[in-house]
Amino acid sequence: MSRNAPGRVRAILGPTNTGKTYLAIDRMLGHASGMIGFPLRLLARENYDRIVAAKGARAVALITGEEKIIPPSPRWFVCTVESMPVDRLVEFLAVDEIQLCADPERGHVFTDRLLHARGISETMFLGSDTVGDLVRRLVPEAHIETRQRLSTLTYTGPKKLTRLPRRSAVVAFSVAEVYALAELIRRQRGGTAVVLGALSPRTRNAQVAMYQEGEVDYMVATDAIGMGLNMDVDHVAFANTRKFDGRRARPLTHAEIGQIAGRAGRYMNNGTFGTTNDSPPLDEEAVQAVEAHRFDAVKRLYWRNRRLDFASPKFLLKSLEQRSPRVELIRARDGEDQFVLQRFTQDEDVTSLATNPATVRLLWEVCQIPDFRKVMPDHHAVLLKRIYLALAAGPDMEGRLPEDWVARQIDRLNVTTGDIDTLTNRIAYIRTWTYISHRVDWLDDAVHWQERTREIEDKLSDALHERLTQRFVDRRAAMIERRRNDGVELLSAVTASHQVIVEGESVGTLEGLVFVAEEVDKASRPVLAAARRAVAQTMPARVARLVSDDDGSFALTPNGRVTWRGAAVARLVSGRTPLAPAIEVLRNDFLDNGAKESIRARLTAWLDRHMRKQLRQLLQALDADLNGPARGLVFQISERLGSLPRRPVRDLLNSLTKADRKALTGLGLRFGAQTVFFPALLKPAILRLRAILWAVHSEGAVPLLLAPDGRVVDTPVLPSGGVPGDHWAAVGYVPLGMVALRCDRVEKLSAALRKAAKQGPFEETEVLAALAGCSGAAFASVLGRLGFRGDPAENGILYKLKRRPNRQGKPGEKPASRRPKSTPRKKPAEVDPASPFAVLRDLAVAK
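Just so it is clear, the model here is predicted, and its values are computed rather than measured. (Residues numbered from 1 in each chain as written. Predicted model: local features only at pLDDT ≥ 70, side-chain atom pairs only at ≥ 80, totals over all residues. Heavy atoms only, no water.)

Trainee: Can you lay out the overall build of the protein chain for me, pointing to particular residues and giving the numbers?
Mentor: Per the secondary structure count, the protein chain includes 29 helices and 33 strands. Put simply, of all contacts in the protein chain between residues at least 6 apart along the chain, 66% involve residues at least 24 apart. Counting only carbon and sulfur atoms, one obtains 50% of the accessible surface of the protein chain, whose full area is about 41,400 Å². (Helix = DSSP H or I, 4+ residues; strand = E, 2+ residues; numbered from the N terminus. Contact = heavy atoms within 4.5 Å. Areas by Shrake-Rupley, 256 points an atom, 1.4 Å probe, with all protein chains shown as cover.)

Trainee: If you had to explain the environment of Gln 342 to someone new, which residues and values would you point to?
Mentor: Structurally, Gln 342 is set in helix H10 (residues 336–344). Note on Gln 342: relative accessible area 37%, which makes it partly exposed. (Buried < 20%, exposed > 50% of the residue type's maximum accessible area, 1.4 Å probe, protein only.)

Trainee: So what's going on with the sheet that holds strand S10 (residues 168–171)? Residues and values would help.
Mentor: Pairing is parallel across the open sheet formed by six strands, whose spatial order is S9-S16-S13-S10-S12-S11. Because the sheet does not close on itself, it has two edges, and the strands there are strand S9 (153–159) and strand S11 (193–195). Averaged over all pairs of adjacent strands, the angle between strand axes in this sheet comes to 25°, irrespective of strand direction. As judged from the four bridges shared by strand S13 (residues 235–238) and strand S16 (residues 271–276), these two strands associate in the parallel manner. Bridge assignment links Val 236 to a residue of S16, and that residue is Phe 273. Sheet contacts for helix H7 (residues 254–261): S9, S10, S13 and S16; angle to S13, the most-contacted strand, approximately 140°. (Pairing = 2+ DSSP bridges. Axes fitted to C-alpha atoms, helices over the stretch in contact; angles between N-to-C directions.)

Trainee: I'd love a proper account of the sheet that holds strand S1 (residues 8–13), names of residues and values included.
Mentor: One open sheet holds the eight strands; their spatial order is S4-S3-S5-S2-S6-S7-S1-S8, and the pairing between them is mixed. Strands with a single pairing partner mark the edges of an open sheet, and in this sheet they are strand S4 (68–69) and strand S8 (143–146).

Trainee: Describe in detail the packing of aromatic side chains, supporting the description with residues and values.
Mentor: In this description, an aromatic ring pair is defined by two values, namely the gap between the centres and the angle between the planes. Enumeration over the complete set of coordinates arrives at seven aromatic pairs. With a centroid separation of 5.3 Å and an interplanar angle of 50°, the aromatic rings of Tyr 155 and Phe 273 are classed as tilted. On the criterion of sequence distance, the pair formed by Tyr 155 in strand S9 and Phe 273 in strand S16 is long-range, its members being 118 residues apart. Each member of the pair, Tyr 155 as well as Phe 273, is classed as buried. Ring pairs connect the aromatic residues Phe 762, Phe 779, Phe 788 and Tyr 799, which therefore count as one cluster. Looking at Arg 167, its charged tip hangs above the ring of Tyr 211, at a distance of 3.8 Å from the centre. In this structure, Arg 431 packs its charged tip against the face of Phe 372, placed 4.2 Å from the ring centre. (Phe/Tyr/Trp six-rings, centres within 6.5 Å; stacked < 30°, edge-to-face > 60°. Lys NZ or Arg CZ within 6 Å of the ring centre and 35° of its normal.)

Trainee: An account of the environment of Leu 126 is requested, with residue identities and associated values reported.
Mentor: Structurally, the position occupied by Leu 126 is in strand S7 (residues 122–127). In this structure the C-alpha to C-alpha distance between Leu 126 and Leu 13, which are 113 residues apart in sequence, comes to 5.8 Å. Beyond its immediate stretch of four places on either side in the chain, Leu 126 contacts Ile 12, Lys 20, Thr 21, Ala 24, Val 95, Asp 96, Glu 97, Ile 98 and Gln 99.

Trainee: Residue-level account of the side chain of Thr 345, with values.
Mentor: Position of Thr 345 relative to the elements: it lies in the loop between H10 and helix H11 (348–351). Polar side-chain contacts of Thr 345 include one of 2.5 Å to the backbone oxygen of Gln 342. Ignoring sequence-local partners within four residues, the contact set of Thr 345 consists of Pro 313, Lys 314, Leu 317 and Thr 351. (Polar contact = N/O pair within 3.5 Å; in protein donor to acceptor, adjacent residues only side chain to side chain.)

Trainee: Run through the nonpolar core, naming residues and quoting values.
Mentor: Grouped together as the largest cluster of nonpolar side chains are 64 residues, with contacts concentrated most on Val 366, Ile 387, Leu 401 and Trp 433. Excluding anything up to four places from it in sequence, Trp 433 contacts Leu 383, Trp 405, Val 406, Gln 409, Ile 410, Leu 413 and Thr 453. (Core = buried A, V, L, I, M, F, W, Y, C linked by side-chain atoms within 4.5 Å.)

Trainee: Can you explain the pattern of salt bridges? Please cite residues and give values.
Mentor: Scanning the model with the defined rule gives 49 salt bridges in all. Salt-bridge contacts for Arg 113 lead to Asp 112; the nearest nitrogen and oxygen are separated by 2.8 Å. Taking the relative accessible area as the measure of exposure, Asp 112 reaches 13% and is therefore buried. Where Lys 243 meets Asp 223, a salt bridge forms, and the shortest distance between an N and an O atom there is 2.9 Å. Of this pair, Lys 243 sits in strand S14 (residues 242–244) while Asp 223 is found in the loop between strand S12 (218–221) and S13, placing the two residues 20 residues apart along the sequence. Judged by relative accessible area, which is 17%, Lys 243 ranks as buried. Residues participating in the shared-partner salt-bridge network are Arg 41, Arg 45, Asp 49, Glu 66, Glu 67, Arg 431, Arg 454 and Glu 457. (Salt bridge = Lys/Arg side-chain N within 4 Å of Asp/Glu carboxyl O.)

Trainee: Could you give an account of the packing of helix H1 (residues 20–29) against helix H2 (residues 41–55), with specific residues and numbers?
Mentor: In the contact formed by H1 and H2, the axes pass within 12 Å of each other and the chain directions differ by 40°. What the angle tells us is that H1 and H2 run oblique. Like other packed secondary-structure pairs, H1 and H2 cross with a definite hand, here right-handed. The residues of H2 that touch H1, namely those facing Thr 21, Ile 25, Met 28 and Leu 29, are Asn 47, Ile 51 and Lys 55. Among the residues forming the contact of H1 with H2, the class breakdown is four nonpolar, two polar and one charged. (Parallel < 35°, antiparallel > 145°, perpendicular 65-115°, else oblique. Left-handed = near helix turned anticlockwise from the far one by under 90°. Nonpolar A, V, L, I, M, F, W, Y, C, P; charged D, E, K, R; others polar.)

Trainee: Describe a negative patch on the surface, with residues and values.
Mentor: On the surface, a cluster of negative charge is contributed by Asp 283, Glu 284, Glu 285, Glu 291 and Asp 296. Along the chain, the position of Glu 291 falls in helix H8 (residues 284–292). (Patch = residues over 30% accessible without salt bridge, like charges linked within 9 Å, V, L, I, M, F, W, Y side chains within 5 Å. Lys, Arg positive; Asp, Glu negative; His and termini not counted. Charge placed at Lys NZ, Arg CZ, Asp CG, Glu CD.)

Trainee: Mind laying out the pairing of strand S33 (residues 796–801), listing which residues take part and the relevant values?
Mentor: As judged from the six bridges shared by strand S32 (residues 788–793) and S33, these two strands associate in the antiparallel manner. Within the sheet, the bridge partner assigned to Phe 788 lies in S33 and is Leu 801. Here S32 folds back onto S33, and the loop between the two strands holds two residues.

Trainee: Before we move on, can you summarise the packing of helix H5 (residues 175–189) against helix H16 (residues 446–472) with the specific residues and values?
Mentor: The contact between H5 and H16 brings their axes to 8 Å, and the two run at 55°. Here H16 runs oblique to H5, going by the angle between their axes. Of H16, the residues touching H5 (which contributes Tyr 179, Ala 182, Glu 183 and Arg 186) are Leu 468, Arg 471 and Phe 472. When the residues that make up the contact of H5 with H16 are grouped by side-chain class, the tally is four nonpolar, no polar and three charged.

Trainee: So what's going on with the confidence of the model for the protein chain? Which residues, and what values?
Mentor: Close inspection of predicted coordinates is inappropriate in any region flagged by low pLDDT. Of all residues in the protein chain, 87% have pLDDT values of 70 or greater, and the mean over the chain is 84. No element of the protein chain has a lower mean pLDDT than helix H29 (residues 836–846), at 41, and none a higher one than strand S6 (residues 92–95), at 97. Considering only residues more than four positions removed or in separate chains, one finds that residues 1–5, a stretch of pLDDT under 50, has 17 contacts. Note that pLDDT drops below 50 for residues 806–847; the model gives that stretch 21 contacts with residues more than four away or on any other chain. (pLDDT = per-residue confidence, 0-100.)

Trainee: Tell me what's going on with the environment of Lys 683, and back it up with residues and numbers.
Mentor: For Lys 683, the position within the fold is in the loop between strand S29 (675–677) and helix H24 (684–698). Counting along the chain gives 49 residues from Lys 683 to Gly 732, while the straight-line C-alpha distance between them is 9.8 Å.

Trainee: Lay out a nonpolar patch on the surface in plain terms, naming residues and giving numbers.
Mentor: Taken together, the side chains of Leu 150, Tyr 267 and Met 268 define a hydrophobic patch exposed on the protein surface, amounting to about 330 Å² of accessible area. Inspection of the secondary structure assignment puts Leu 150 in the loop between S8 and S9. The class of Leu 150 is partly exposed, set by a relative accessible area of 33%.

Trainee: Kindly report on the side chain of Arg 118, identifying the contributing residues and their values.
Mentor: Looking at the secondary structure, you find Arg 118 in the loop between helix H3 (107–116) and S7. Here Leu 114 takes part through its backbone oxygen, which lies 2.9 Å from a polar atom of the side chain of Arg 118.

Trainee: So what's going on with helix H20 (residues 616–623)? Which residues, and what values?
Mentor: Looking only at H20, the buried set comprises Gln 617, Leu 618, Leu 619 and Ala 621. Contacts from the buried residues of H20 go to helix H19 (593–614) and helix H21 (628–639).

The structure is reproduced here in structure tokens:
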């Protein structure tokens, strides 16, 4: 369109929240036809949906780089500024955010629309009044109207993230910073929506809907929210006031701060702005400029020559580099399309085909395919070269992109697995193919590929929204935060499956009488308070259930804990004797003294019955009517829970009458060569109980006969530091050298050894090693403690009973040797250094 076309030209300028966009759409719909350009695809889609709702889908067209919805006879066109079909005549034309003429990257497109795009009856430019002076100079026929903000904007200074009010938007300028802030807000406040320029419209709309509907009260975004994204934001907090503009990191201008801060307060609602996350306070000049909406005027607009020379790629490149005709306009930076074109001018494969205006124009169209992935320009150029060579092939440039190649490129993006960054990259790449699919002259079945790319983009967008929500939203905490701020008490209960529920979400379990909460953070404190309230209400009923429960619901753990249906509720503590431990209820804030006493009495009764069942023979012997020596022996055995070595009670044993022995044998007691014990108390379950009782009484660790899982070990290995012998006697074992053996096995081994010794010196055999539960050096140590010694022999070690001392000698005399003095000693046989005997000999020498 010509700048001199008839029609009224208006520039509606002012800060955010002045109703400019609403006015423009209302004016457009008042005309028979119209077109409006927005700076973002997201904004175009949002306003397209709004107009469709009012006028119907058949009357409205949507045209963006990646999406085209064009009914047969549309009256109104909603577009991105770059995609506006400016050669189409319409009654009304508008461009939003016209101050973007000063943007280094996209400004030349907005400047072109300012200078050349016109409606037949009316043209309207919307934006900040910072561009007002240049509009007057470049478009003198324009009637400039200034609008005032509908609400006030107030600076509130720095605030911690944890102190930000509800309905706040936190603004950062890098993806990494956005994610870090979102993660922090999730932990502190339950969750946040995330808005990035790289999000697809579907993902962005889902995130914004989550915020608008109150699922979360916070949003973390890039400066993309400054471009007319209308949401119910009350406060804008800058996490940073510096941004990277593509070339360098620089401070935000006052106008940029005002554009972003202006998102706070919509329509007649006032808004506030400030800083957060250790960002320094805004200086007084910036604050006054934003609150008063007074910003420095734009001095230059970016421009690029629109009269391109398609004679050859080099002529085209030269025309793009032409300087601006006016001092108010400066040539735009070389864009991605220009960089790719420059690369192609040096590529013989391309230049050999771009030999006439038609092929050069096609080359330029290919160069303008956007790189949404923002990968290295060389990598994007490889894709564009493949596309151009396919399109430029054949007579009259009737080439098409190969369907099998296009299918491979698109289908490999149809994967919804991966993290947030992976899905974001796939969406960016599919957006490039969505753009290509809308070139109907490049594909044989363009409609199919448009539907296919849209389907994949929607799937990836939904997956990305799900990942963002999983990572940055704790729905339970967010809901609880809202309820707490509203002063509503949280609903809580304990279910039949012992789950503690707060507002429909599980926050822990009730294990026995103990509330076990899930991971606790600051945001969970109100939840825990509500959960504890529910637990306290149900505790009396649970105590009554425990007291009335049958004995089978209780058990004893290896560490002396008493469990009720698998959950620890009490512990054993040392009593008067090992057979009389006391019950101590575990600390529990939900139990009063009366409840604790009821639990203690019930568990004491259970423990008494449990011990009488397991230790029946020992307790019957204690209650039996026995004479003095027999009663004393039983008492000492009871002090060791059922077994004793013979040596400490030798005198008592010698004083027993035949009647005493008969009575004790009738009660189940066995008199062995090495020990005195009750065989019935050597079963694994009873040994486990004995080990626990002794550990509780001695206030020490459970002896080594119990494995970590509670199993009884057949042959425990003695620790290097040693264990008091009473420990082993109390659990039915005898320490012998390097290992400990159960009493009954000691007696079997002792009998077998004496039987073998009657035949003379003997060697270690498989049968003897099996009885001892060990071999080699450990076997030798066991036999040494049982009164045998090993002598080296040619084939190993021969064992025999040790000689007893000379009983005829006087006290203190050295026992006389039975070997005549004249008899020479035999030379010891050579011993294998690796034999068990050599090991024992070396240990003795070392000692």
